[in-house]
Amino acid sequence: MPIGKRGLRFLQFVLDMLYPKQNKIVRLWSSKSLAHKYLSYLTDTARTDRFLTSCIRIKFDAVVNICELSELVPTLSRLVPWQVVPEIAVNLPSTQNMDVKVAVAGEVIAVVDFSPF
């Protein structure tokens, strides 16, 4: 992807110094029909029924050390130009076990309207 902005070129330079050939900056697009739900339905595919947003996705390969990356994310976010909204993503192979554990708790609340009207 050619990077058109000087700030994004600098970000790409820094990423290439830290993680050579293990990163990619992708511009994100939003659906014109779902513009009222902006930022909810972003994609990296350009089409005529989509518009270019100010959001980017910084994609890293799965071989990147996730702990190291999590410490660098605040710094990387500061390198992004102020008008650009960054999203950090890691491409995980579909066969990799992520060892995610989820806990769910709920509370039942009954709401009653006692008004005479």
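Undergrad: So what's going on with the pattern of salt bridges? Residues and values would help.
TA: Enumeration over the complete set of coordinates arrives at two salt bridges. For arginine 47, the salt bridge is made with aspartate 49, and the minimal N-O distance between the two is 2.8 Å.

Undergrad: Summarise the sheet that holds strand 2 (residues 42-43); cite the residues concerned and give the values.
TA: Reading across the sheet, the four strands line up as 2-1-3-4 and stay open at both edges, with mixed pairing between neighbours. Edge positions in the open sheet fall to strand 2 and strand 4 (85-90), since each of these has one partner strand only. The sheet contact formed by strand 3 (residues 50-60) and strand 4 spans six bridges and is parallel. In the sheet register, lysine 59 faces strand 4, and the bridge partner there is alanine 89. Against the sheet, helix 1 (residues 6-18) engages strand 1 (23-31) and strand 3, with an angle of about 140 degrees to strand 1.

Undergrad: Run through helix 1, naming residues and quoting values.
TA: Between the first and last C-alpha of helix 1 there are 19 Å, a value that for 13 residues agrees with the 18 Å anticipated at 1.5 Å per step. Listing the buried residues of helix 1 in full gives Leu8, Leu11, Gln12, Val14 and Leu15. Projected down its long axis, helix 1 carries its buried residues within an arc of 165 degrees, all on one side. Pointing more than 90 degrees away from the buried face of helix 1 are the exposed residues Arg6, Arg9 and Met17. Buried residues along helix 1 sit in contact with strand 1, strand 3 and helix 2 (66-79).

Undergrad: Help me get a handle on the pairing of strand 1, residues and values and all.
TA: Where strand 1 lies against strand 3, eight bridges are found, and the strand directions are antiparallel. For isoleucine 25, the partnering residue across the bridge sits in strand 3 and is isoleucine 58.

Undergrad: Pulling in residues and values, what's your account of helix 2?
TA: A rise of 1.5 Å per residue sets the reference length of helix 2, with its 14 residues, at 20 Å; its end C-alpha atoms lie 19 Å apart and thus fit the reference within 8%. At valine 73, helix 2 shows its largest kink, close to 45 degrees, and the proline proline 74 lies no more than four residues downstream. Measuring from the backbone nitrogen of cysteine 67 back to the side-chain oxygen at the start of helix 2 gives 3.0 Å, which picks out asparagine 65 as the cap.

Undergrad: So what about the packing of aromatic side chains? Which residues, and what values?
TA: All chains considered together, the criterion is met by two aromatic pairs. Between tyrosine 19 and phenylalanine 60, the aromatic rings sit 5.3 Å apart at their centres with planes inclined by 75 degrees, giving edge-to-face as the arrangement. Of this pair, tyrosine 19 sits in the loop between helix 1 and strand 1 while phenylalanine 60 sits in strand 3, placing them 41 residues apart in sequence. Each member of the pair tyrosine 19 and phenylalanine 60 is classed as buried. Ring plane angle 20 degrees and centroid distance 6.0 Å describe the contact between tyrosine 38 and phenylalanine 51, whose orientation is recorded as stacked. Note that tyrosine 38 is positioned in the loop between strand 1 and strand 2 and phenylalanine 51 in strand 3, a separation of 13 residues in sequence. Here tyrosine 38 falls in the partly exposed class, since its relative accessible area comes to 35%. For phenylalanine 51, a relative accessible area of 25% translates into the label partly exposed.

The rules behind these values
Residues numbered from 1 in each chain as written. Predicted model: local features only at pLDDT ≥ 70, side-chain atom pairs only at ≥ 80, totals over all residues. Heavy atoms only, no water. Salt bridge = Lys/Arg side-chain N within 4 Å of Asp/Glu carboxyl O. Pairing = 2+ DSSP bridges. Helix = DSSP H or I, 4+ residues; strand = E, 2+ residues; numbered from the N terminus. Contact = heavy atoms within 4.5 Å. Axes fitted to C-alpha atoms, helices over the stretch in contact; angles between N-to-C directions. Expected span 1.5 Å × (residues − 1). Buried < 20%, exposed > 50% of the residue type's maximum accessible area, 1.4 Å probe, protein only. Arc of directions from axis to C-beta. Bend = angle between axes of the 7 residues up to and from the residue. Polar contact = N/O pair within 3.5 Å; in protein donor to acceptor, adjacent residues only side chain to side chain. Phe/Tyr/Trp six-rings, centres within 6.5 Å; stacked < 30°, edge-to-face > 60°.

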